Amino acid sequence: MHIALKIVSAAVVTALLAAGGAASWYLHTKQPVRSGTITLTQLSAPVIVAYDERGVPHIEAQSEPDLYRALGYVHAQDRLFQMEMVRRLAQGELAEILGPKLLETDQLFRTLGIRAHSQAAVAKLDKASPAGMALMAYLDGINQYQAGHPAPLEFDILGIPKRPFTPQDTFAVTGYLAYSFAAAFKTEPAMTYIRDQLGTDYLTVFDLEWNPQGVVGPSAMAPQDLQQLTRLAELGEQAMGAAGVPAFEGSNAWAISGRRTVSGKPVLAGDPHIAYSAPSVWYEAHLSAPGIELYGHHQALNPVALLGHNQDFGWSLTMFQNDDVDLVAEKPNPSNPRQVWHQDQWTDLTTRTETIAIKGQAPVALQVRSSPHGPIINDAFKDSYGKVPIAMWWAFLQTENPVLQAFYELNRADTREKARAAAEKIHAPGLNVVWANARGDIGWWAAGKLPIRPEGVNPSFILNASKGEAEKLGFYRFADNPQEENPSRGYIMSANHQPLPRSGVPVPGYYNLADRAQRLDEVLRDTGRKWDTAAAQALQLEVGNGYAQRILLELLPVLKEVVTDPDETTYLEPLTKWDGSYTRDSIAATLFSQMVYELAHAAMADEMGEAQFNNLLRTRALDSALPLLAAEPDSPWWDNVDTPAVETRAMTLKLVWKKTVAHLKTRLGTSLLDWPWGKTHTLTHGHPLGLQKPLHLLFNVGPFAVPGGRETPNNLSGSVGPAPWAVSYGPSTRRVIDFADATKAVGINPVGQSGVLFDRHYADQAERFAEGFYVPQHLSRSDVKRATQSTLKLQP
């Protein structure tokens, strides 16, 4: 954190502690107001907001504009700082409040083109349409709250000036959402490095080809170009951490037909997997007005719910994981650096200028060039990058993408036809919409514009523009996308795995490990089981999969042969008896997770170098590679290129186990009894100011010892790495709705409704979440009345 922020943070905290009663009053003025009467301009009639025991607002209005204006107001008083940070991240404005260390991050986000794209989207926005009016009313509610109340504590610490929120902010946040899905920034540089610098023999373990059957049932770039491209992924992750803005990682969702449930009606379950933060990504609100009744989960600065349900229908989302970003190596004109080779001729690059404000320094002008394929993303780092211009083709920038309209319609989609039509309007990022209704229908649509690439082009690598690899031949029809409605097997399941489209259209992507999907499918396809809410909860909380067994099946026999030291043999025993479950008391889970890291490092770090290897650790490609590597004793990866000898699998595994035991002894002690998974695997919800000690003691929530692990159904996880393991992402909520009576739906927020420090709802759900508990999501008028703790009246 910038030194100025350290000084200001310390000064504010010291002043608060010294001021006593004055500090109490100061903090009191920052708290949400959930009772009484408040005047709100532009309301046409009074709006009643009933707050339940978790601080969820149940908003009853007489018109949609009033409803969304009230939503904006109550959302702002709980989450204004989160709104401020997410818009600054998306638009490349963090350096203005956090200082020059965030300049490169701002340069990256400006270069991505999210800000410019948002400006163009606002120009096309029909503010008179129902969705447009909802957005404008919602933003007006936010701005009325901000104008009439003291700034949040974080604004005072960071010196953030108030300024109105605009539609451009909302559209920019949609761009951030799309960016957080894009695995290409991490994966394509790594895969291209392996192909071009090591050779195709090293690629075989990565399983990069499209699998037609589904999973259920060289470039002109120098090595330094590829190494330095990894900074794109690093900067993105650092920025999200500094801003406290969660990245979207994966998800589970399933819908079960009524003929396979206890109640005879569909059961819908969903738990999107998103990075943890304080506050959490979702803001829950129950909206009621003529034409809409919805219990929804809202993202900052978005008036429409991204997850929701009522008594008639509901839906959840998972990340499609389709590859909608291509990194493109352009061929520059040696006689004119402002031109690149495109379609058999030299073509001029276009240029725009971005001005970035920096706290304590003069603004910086950034020249952003674009080729016919998209912005030249390495222009942001001219002092660090090589001479090959890398363009980014991104479906988010290349499609109309009426996502506001899509979710406005989805919030009202009580039939399959309406839900399908809404899903078709989602162009980027790719999302799986899993939907059900009380009439008995279930459906799944993989929503997103899928580009038609030239025959034989594999977008897992950086594409060569001069060979025509980056050209797009159009987009496939939505009807060609993977999708199902009322399948005969009686259920639909989505878990970020490679789908199987009926159309036969290949959908390249960066899909998650298949083991999580396969475990869910194994349980769901049991025709002898009848499903209810409790059964769905139990599956969401499962902590095992078959991944460990796939690796250990190959490696344990070898380890038993090469591990001869009696002490090391003792530590091996828990793995021989392990069923693959990541329970808190599991010692084997700790051993396996450390061994997986040591295996990857021993096999791959010598060839790739530490920087590129660390980038590989953050990719999904590594998950798929390790079981294939374990099963291939003749893989070139087993040899350590830094030694004169030629190492075998057995020799490398002996070293891997020695390092596994040594690291755990150093961190946890010599007794196996001190190595349980819950001791090494913990969840802390981090706040942006929690990055600076001692503020972490105030703002962060946790740590909590948690079960689950990488790609288990209860996907409390993080990147592959050495012990201890800080959980960085997982279920951002867990929801289960039985449409026999959707008013009894249950869910949980990982932290709490409020982002306001010292508010009683700041962290009141965190411990329950870690323990796997669920709470009611009140929907019926009688339930809301019984649960109401306070009532706020907004009047014209």
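Residues numbered from 1 in each chain as written. Predicted model: local features only at pLDDT ≥ 70, side-chain atom pairs only at ≥ 80, totals over all residues. Heavy atoms only, no water.

Colleague: Honestly, the packing of aromatic side chains in this entry has me stumped. Any pointers?
Modeller: The geometry of an aromatic ring pair comes down to the distance between the two centres and the angle between the two planes. Per the counting criterion, the structure on display carries 16 aromatic pairs. Ring geometry for Phe206 and Trp637: centres 6.3 Å apart, planes at 75 degrees, overall edge-to-face. Taken individually, Phe206 and Trp637 each receive the classification buried, so the pair is uniform in this respect. Between Arg412 and the ring centre of Tyr408, over which it is positioned, the NZ or CZ distance is 3.6 Å. (Phe/Tyr/Trp six-rings, centres within 6.5 Å; stacked < 30°, edge-to-face > 60°. Buried < 20%, exposed > 50% of the residue type's maximum accessible area, 1.4 Å probe, protein only. Lys NZ or Arg CZ within 6 Å of the ring centre and 35° of its normal.)

Colleague: Can you walk me through helix H15 (residues 514-524) in this structure?
Modeller: The periodicity of an α-helix, 3.6 residues per turn, causes residues three or four places apart in sequence to face the same way. Counting buried positions along H15 gives eight out of eleven residues, so the element sits mostly inside the fold. Within the span of H15, buried status applies to Ala514, Asp515, Arg516, Ala517, Leu520, Asp521, Val523 and Leu524. At its buried positions, H15 is contacted by strand E4 (248-256), strand E5 (267-275), strand E22 (491-494), helix H16 (533-540) and helix H17 (547-562). (Helix = DSSP H or I, 4+ residues; strand = E, 2+ residues; numbered from the N terminus. Contact = heavy atoms within 4.5 Å.)

Colleague: Looking at this structure, I do not really get the sheet that holds strand E25 (residues 725-727). What am I missing?
Modeller: In a beta sheet, neighbouring strands pair by backbone hydrogen bonds and run either parallel or antiparallel. Spatially, E24-E23-E25 is the arrangement adopted by the three strands of the open sheet, whose pairing is mixed. Each edge of the open sheet is held by one strand with a lone partner, namely strand E24 (701-705) and E25. Looking at each pair of strands side by side, their axes are set apart by 30 degrees on average, direction ignored. Of the pairings in the sheet, the one linking strand E23 (residues 681-685) to E25 comprises three bridges and is parallel in character. Residue His681 lies in a different strand from E25, and its bridge partner there is Trp725. (Pairing = 2+ DSSP bridges. Axes fitted to C-alpha atoms, helices over the stretch in contact; angles between N-to-C directions.)

Colleague: For this particular structure, what's the right way to read the pattern of salt bridges?
Modeller: Oppositely charged side chains are able to pair whenever their charged atoms sit close together. Enumeration over the complete set of coordinates arrives at 39 salt bridges. Among the ionic pairs, Glu542 bridges to Arg519, the shortest N-O distance being 2.8 Å. In this pair, Glu542 is assigned in the loop between H16 and H17 and Arg519 in helix H15, connecting sequence segments 23 residues apart. Residue Glu542 is classed as partly exposed on the basis of its relative accessible area of 22%. Arg519 gets classed as partly exposed once you look at its relative accessible area, which sits at 24%. For Asp783, the salt bridge identified is with Arg786, shortest N-O distance 2.4 Å. In this pair, Asp783 and Arg786 are both assigned in helix H26 (residues 781-787), three residues apart and thus about one turn of the helix distant. Among the charged side chains, a network of salt bridges with common partners joins Glu93, Arg110, Arg115, Arg163, Arg352 and Glu354. (Salt bridge = Lys/Arg side-chain N within 4 Å of Asp/Glu carboxyl O.)

Colleague: Please explain the sheet that holds strand E10 (residues 325-329) as it appears in this structure.
Modeller: The strand order across the open sheet formed by three strands is E17-E10-E20, and the pairing between neighbours is mixed. Taken across any chain shown, the strands that pair with only one partner, and hence form the sheet edges, are strand E17 (390-394) and strand E20 (463-464).

Colleague: Where do I start with the environment of Val720 in this structure?
Modeller: Within the fold, Val720 resides in the loop between E24 and E25. Note: C-alpha distance between Val720 and Ser593 (127 residues apart in sequence) is 7.8 Å. Beyond its immediate sequence surroundings of up to four residues, Val720 is in contact with Val596, Tyr597, Leu617, Leu622, Asp623 and Arg710.

Colleague: Is there a simple way to think about the side chain of Asn322 in this case?
Modeller: On the secondary structure map, Asn322 appears in the loop between strand E9 (313-319) and E10. If we ignore the near neighbours within four places in the chain, the residues touching Asn322 are Gly430, Leu450, Val507, Pro508, Gly509 and Tyr511.

Colleague: For this particular structure, what's the right way to read the pairing of strand E19 (residues 442-447)?
Modeller: Moving residue by residue along a regular strand, the side chains alternate between the two faces of the sheet. Of all six residues that make up E19, six are buried, and the element is covered over most of its length. Burial along E19 is two-sided: Ile442, Trp444 and Ala446 facing one way and Gly443, Trp445 and Ala447 facing the other are all buried. Relative to E19, strand E18 (residues 431-437) runs antiparallel, the two being bridged by six bridges. In the sheet register, Asn432 faces E19, and the bridge partner there is Ala446. Between E18 and E19, which pair antiparallel in sequence order, lie four residues; one of them, Gly440, sits at a positive phi of approximately 115 degrees. Bridging between E19 and strand E21 (residues 483-485) involves three bridges; their strand directions are antiparallel. Each bridged residue has a counterpart across the sheet, and for Trp444 the counterpart in E21 is Glu484.

Colleague: It is not clear to me how the pairing of strand E12 (residues 336-342) should be interpreted in this structure. Could you clarify?
Modeller: Pairing of strand E11 (residues 332-333) with E12, which is carried by two bridges, proceeds in the antiparallel orientation. Paired with Pro332 across the strands is Val340, a residue of E12. The pairing of E12 with strand E13 (residues 345-348) spans four bridges and is classified as antiparallel. Among the inter-strand pairings, Trp341 is bridged to a residue of E13, identified as Trp346. The loop that links E12 with its antiparallel partner E13 comprises two residues; one of these, Gln343, has a positive phi angle of about 50 degrees.

Colleague: Which parts of the structure should I look at to understand the nonpolar core?
Modeller: Nonpolar side chains tend toward joint burial in soluble globular proteins. Judged by nonpolar contacts, the single largest core of 140 residues is most densely connected at Leu112, Phe407 and Leu794. With 14 residues, helix H3 (residues 64-91) is the single largest residue contributor to this core. Beyond its immediate sequence surroundings of up to four residues, Phe407 is in contact with Val304, Ala305, Leu306, Trp315, Leu317, Ile426 and Leu431. (Core = buried A, V, L, I, M, F, W, Y, C linked by side-chain atoms within 4.5 Å.)

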